[in-house]
Each structure stands twice: as C-alpha cells, then as structure tokens.
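# Breakdown of the fold
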Amino acid sequence: MAGSRPLPTLDEPDSGEFWRATTTKELKFQRCDSCATTIWYPRPHCTGCLDGTLAWHSSNGFGTLYSYSVVRQSYHPFFRNLVPYAVAYVDVDEGFRILTNVVGIEDPSTELKIGQRLQLVWEEHEGLNIPLFEPAG
Amino acid sequence: MSSQKRDAAIVGIYEYPDRDVDGELSPLQIKTVCARNALADAGLSWSDVDGIYDASEGLAMSGLFLAEYWGLAPTVIDTTGVGGSSYEFHVAHALSAIREGRCKVALLTYGSTAHSNRMAIGVGGRGMGGINAADNMESFVGQTLVSNYAMVAHRHMHQYGTTSEQLAEISTATRYHAMRNPDAVRAMEDLEFIDIRETTIDDVVNSRMIADPLHLLECCMISDGGGAVVIASSDVVRNTKKSPVWVIGAGEATKYPTNTGDLTVSAGAQSGPVAFGEAGVTAAEIDVAMIYDSFSITVLTILEDLGFCAKGEGGVWVTGGKLRFDQAGGPALNTDGGGLSSNHPGMRGIFLLIEAARQLRGESMAQVVNAQLAVAHGNGGMLGSRHTAGTIILGAD
Ligand SMILES: [Zn+2]
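Calculation rules
- Residues numbered from 1 in each chain as written.
- Chains lettered and ligands numbered in written order.
- Predicted model: local features only at pLDDT ≥ 70, side-chain atom pairs only at ≥ 80, totals over all residues.
- Heavy atoms only, no water.
- Pairing = 2+ DSSP bridges.
- Helix = DSSP H or I, 4+ residues; strand = E, 2+ residues; numbered from the N terminus.
- Contact = heavy atoms within 4.5 Å.
- Axes fitted to C-alpha atoms, helices over the stretch in contact; angles between N-to-C directions.
- 1 Å grid on protein atoms, 1.4 Å probe; cavity = no way out; pocket = protein on both sides within 12 Å on 5 of 7 lines; lining within 4 Å.
- Points joined across faces, edges and corners; volume = space filled by probe spheres on them.
- Nonpolar A, V, L, I, M, F, W, Y, C, P; charged D, E, K, R; others polar.
- Donors = N, O, S within 2.8 Å, 3.2 Å for Na, K, Ca; no water.
- Tetrahedral: all angles 85-135°; square planar, octahedral: opposite > 155°, others 65-115°.
- Buried < 20%, exposed > 50% of the residue type's maximum accessible area, 1.4 Å probe, protein only.
- Arc of directions from axis to C-beta.
- Polar contact = N/O pair within 3.5 Å; in protein donor to acceptor, adjacent residues only side chain to side chain.
- Buried area = accessible area lost by both parts, 1.4 Å probe.
- Salt bridge = Lys/Arg side-chain N within 4 Å of Asp/Glu carboxyl O.
- Parallel < 35°, antiparallel > 145°, perpendicular 65-115°, else oblique.

Residues and elements named next belong to chain B. Across the sheet, 10 strands lie side by side as E3-E2-E4-E7-E1-E8-E12-E11-E9-E10; this open sheet has mixed pairing. A single partner strand is all that each edge strand has here, and the edge strands are strand E3 (76–78) and strand E10 (332–333). Two strands pair when backbone bridges link them, and strand E9 (residues 288–291) and strand E11 (residues 373–381) are joined in this way by four bridges, in the parallel orientation. Residue pairing across strands places Ile-291 opposite His-377, the latter belonging to E11. Against the sheet, helix H10 (residues 268–279) makes contact with strand E8 (245–255), E11 and strand E12 (387–396), and its axis sits at roughly 155° relative to E8, the strand it touches most.

This part covers empty space enclosed by the protein. The final tally for this structure, using the stated rule, is one cavity of 30 Å³ or more. The computed volume of the largest cavity comes to approximately 250 Å³. Lining of the largest cavity is provided by 20 residues; of these, A:Tyr89, A:Arg97, B:Glu138, B:Pro257 and B:Thr258 occupy positions nearest its centre. Of all the secondary structure elements, the ones that give two or more residues to the lining of the largest cavity are strand E6 (96–102) of chain A together with helix H4 (133–138) of chain B. The greatest single-element share of the lining of the largest cavity, amounting to three residues, is contributed by E6(A). Looking at side-chain class alone, the lining of the largest cavity contains 10 nonpolar, five polar and five charged residues.

What follows is about the coordination of the zinc ion. Residue and element names in this part refer to chain A. Here the zinc ion is held by Cys-32 (SG), Cys-35 (SG), Cys-46 (SG) and Cys-49 (SG), and the distances to it run 2.2 to 2.3 Å. Between the four donor atoms coordinating the zinc ion, the angles at the centre fall across 103 to 116°, so the site counts as tetrahedral. Counting along the primary sequence, the residues that act as donors to the zinc ion give the motif C-x2-C-x10-C-x2-C. One end of the pair, Cys-32, is in strand E1 (residues 28–32); the other, Cys-49, is in the loop between strand E2 (38–39) and strand E3 (54–58), and 17 residues separate them in sequence. Both residues of the pair, Cys-32 and Cys-49, count as buried.

Residues and elements named next belong to chain B. Within helix H7 (residues 182–190) the residues assigned to the buried category are Ala-184, Val-185, Ala-187 and Met-188. Projected down its long axis, H7 carries its buried residues within an arc of 155°, all on one side. Turning to H7, the residues buried within the fold contact helix H6 (164–178) and helix H13 (338–341). Its side-chain oxygen placed 3.1 Å from the backbone nitrogen of Asp-183, Asn-181 serves as the N-cap of H7. Once H7 ends, the next one or two residues include Glu-192, with phi positive near 60°.

Turning to the interface of chain A and chain B, a few remarks are in order. With 40 residues of chain A at the interface, the matching set in chain B holds 38 residues. Taking both partners together, chain A and chain B bury about 3,200 Å²; carbon and sulfur atoms supply 58% of that area. Inspection of the chain A/chain B interface yields one salt bridge. Viewed at the interface, chain B and chain A are joined by 22 residue pairs in polar contact (both at pLDDT 80 or more). Contributing elements (two or more residues each) for the side of chain A that touches chain B: helix H1 (16–21), strand E4 (62–71), strand E5 (85–92), E6 and strand E8 (128–135) of chain A. Looking at the side of chain A that touches chain B, its residues break down into 23 nonpolar, 11 polar and six charged.

All names here are of chain B. Axis separation between H6 and helix H11 (residues 296–305) bottoms out at 9 Å; the angle between their running directions is 100°. If you check the angle between H6 and H11, you find them roughly perpendicular. Across the interface between the two elements, Leu-167, Ile-170 and Ser-171 from H6 touch Ser-296, Ile-297, Val-299, Leu-300 and Leu-303 from H11.

Right, dumping it as structure tokens:
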C-alpha cells in the first residue's frame, strides 16, 4: 500500500492537544463548565456561551453510526489503494459527532447499518494514533 | 406581485459556450469574453460598470486586479467568496448596493479551466487549504467530495425511506433538458460522455457506484467554462436592450457540522424563507427552479428546504417526471441541463442566474410557457459538512 494516510499536525493551535493525547490512546473532547455545551472539534472558546471555561474529558469510546458512505473512487495516492472503504459520522456517547472511518468489516457496502453500535479502535502511528471505529463486539 | 420592490434587474447575461478550451484560454480571459458579451446583451459598455463582484477564485486581490485589467473605476467592490453559491450572494449584495445608490451597474463574472487543469471537483479528493482545526481533525479520513454528499443521501434514505430510484429523477429530468440544449450536448461530447441521450431511472441506478449510495449519473461533470451577469438599477433598466428580469428576493445562510445537527437539512432552510418572504411568493408559485445540482441529493434536499414539499417527502414528490419543463405539478428543474449534464467548472452559481433569466425572457431551449417566477439557489462548499446557501427569487417584467 503506497504511502500513509494524511496525518494531522501536533502543533495546530486548536487541535494540537487532542492529537498529543492520542499517544496514550485517549479520545479527548471539551465541555463547557458554565453551560455544559460539548465542543467538537477542539477550539479554545465555548460556542454555547460567551465566557465559559472549557475542560477536557475522555470518551469511553462507544458510539452510534449516524451516516456513512463507501468510497469506491479516489485519486489520493494512499486512499486510492484502500477502496472500497467507509467514511462515517459517529455519534459518540459523550455527545459529539466525529468524522472517521469504520474498519474491521469485510464489505462496508452491505455490513454497515445506520444506527448500529460502534467502538473505538486506534490505528497506530509514530508519535500519534488515529481514532477509527469498528462494530461493537 | 404589486407589492414587490423592483429596484434592480438582471439586464445582461452570457454563458461561455465551450466546456473544453484545451488550455488555450485563461480563466481571466474567459471572464473577460463573458463580461463583454453580457454588457453587449444589455446594450451597455465598460464605462457603465460601477460595481465589480467577484468570487476571488484563484486571483489574489481580485477586486483590485479586475478594475485595472478592465480599466474601470468601480464605486463598489465585493469579493465575497463562499464557493459555488458566491454569485447568488453577489446578487443579494448588488441589490442592496443599488437600492442604496452606491452603484448602478453591477458586473458579476466567472471563468474556470477546471477541465483543462484536470481539477478533480466532482469525483476527487478534498482540496488542500491552509491547516485549520477542522482540516486537522478530518483530513485523515479520506473523505472525497462525492462521499461527503453521499452521507447526506444515506441519512435521507434512513430517515425518510428515500430510494436511489427517486434520486435518479433529478438526473433524468436534468438530462431531458440537456438534450434540448445544443451547448450542453456539445459539452457532453467534448467531455467524452458515453452514450449521450435522454436517460431512464434504470440508466442512473445501474451506472457505476462512485460513493455509496451515489452513482456516476448522479454526479456533476467537470468542465471548463464561465459566465457573466449584469445587474442594473431601475433607471438604467429603461435604456437596456432586453426585457429586464427583476431581483425580488434574496437570502443568505451558512451551515456546518454540529453534534446534533440534521444532515438532511441544508443552509437553504435558512436562506429560502428570507428570500421567499422578501419576494412575497411561495414555492408553489415558482415556474422554474434553478438549483445547484452538484449531485442528485443536493437538489432533493434543497427542494424540501425551499418549501416545494415537506422535509422528507422529496423522494415521493419528485417521482413521475414532474420536474421536466413540459410537465405539470412542479417547477421546471435546471432547464439548461444543469451541472449534471451541461456545465460545472467548479462554481456553478452564475449559470443558475443566467438560465433563470433566459426563462423569464422566454429564451430558454427548454422554455416553460409564460414563465413568470424563478428561483436560483446556489449551494457552496460541501452539503455534508460546511456549506453556504444563496437564494435569489427572480420575476419577469
Ligand atoms: Zn458555554
């Protein structure tokens, strides 16, 4: 398989802390101490209120498939060799919706069902890990 | 109708006829050809233009550069760039500027050599921009443009029972119109479409799957192209050549991913009511619906959001060919052949305005008899994540 999937940068100002935490396989997200809004993707301010303080929490790594597609055609040097693969929105139990891949299935076009339960699985890389999901076992 | 304000009208239009320029023209040259022809269509000249509207596609400080390139001294410069809907935003802003007396003749132009550049718009991967938090959280996934829209289609199917056969109605109606438009037929020939003819529902659902559940014939083409639109104040309109097409309503909106957002609702649910409200008309009164057909699902979602039918009922509602220009029961959809079968160089919004104006002048190749009202609705960005909506309501003179 040619090359690697595009990897995030650890020093992007808003999301760097999220990615640095993946080295210990922690799926972190932010919640506002004042208004309880769950913030996703990471950023330094609450989108629910003006002056809340955000705290980091860790997800238990379970969620529900909100929607998905099976990519059959890609011109990307890595992903074109991965087809067919599933991209998905997963509603994580702690209240945020993550864009990810669903893996660990033979045929994504027949085995995935919107609403099915999924669990976090980490794809290991040097210096960080990538959060993917697979059917809950 | 009498309560509508008629302060500004589309008075000049031009759509570049070629979809494959073989790399022999630049986007800027295409823009210029379109500007000259649209001004000629209006009976105006360069010196009449005092408002420049541009989406800044691939041109740094385009408002400044275009003024110099064309030798103009505009009093209004607007370079709102929000993707393929930018031109609907430009019409909204030109309407305000003309009402306020800040300019009298607004020129909107677009030029693209996406096909010559082999830019992968319809079937490729995400473009690379500067890194921001959203990019940094999403680019590892390998989400293609088609799969982004396909996720909306899957969710629509899940929530409402919508089928691929229903979505295919969008494609077949659009191709039905394209076959009546010689420029669209030539576009499909130049872009090497196979088996160019009116299509059936079976043709669409049996075409190759690109990203489940969207098939090849539900995806827009990647062409070269361009266009221009001239909008003038009501006092200028008296001296233009063609019948004016009045801008009677405008709305703008954004939508982006949230933790509990409904993927089946587009930004059109916000921009549509504003535009229809200003115009004082309802979707049921619309004769011609020019809706950004990047993919079949884009149109189905937006038809619902604009109020042609209730949310979730679009699949059943479009069934039976009612979107064709010669059928009753619904608006004529994308009568030029749309992005699916006529022209999609990346930002199709300007062609929605051009074909809507043709219809209200009586100049379309798939002319709706006595067309009085049209909607042009642009969707910019990506329907399945962050996007913009611009809704423009147009009325015949
Ligand atoms: Zn808050």
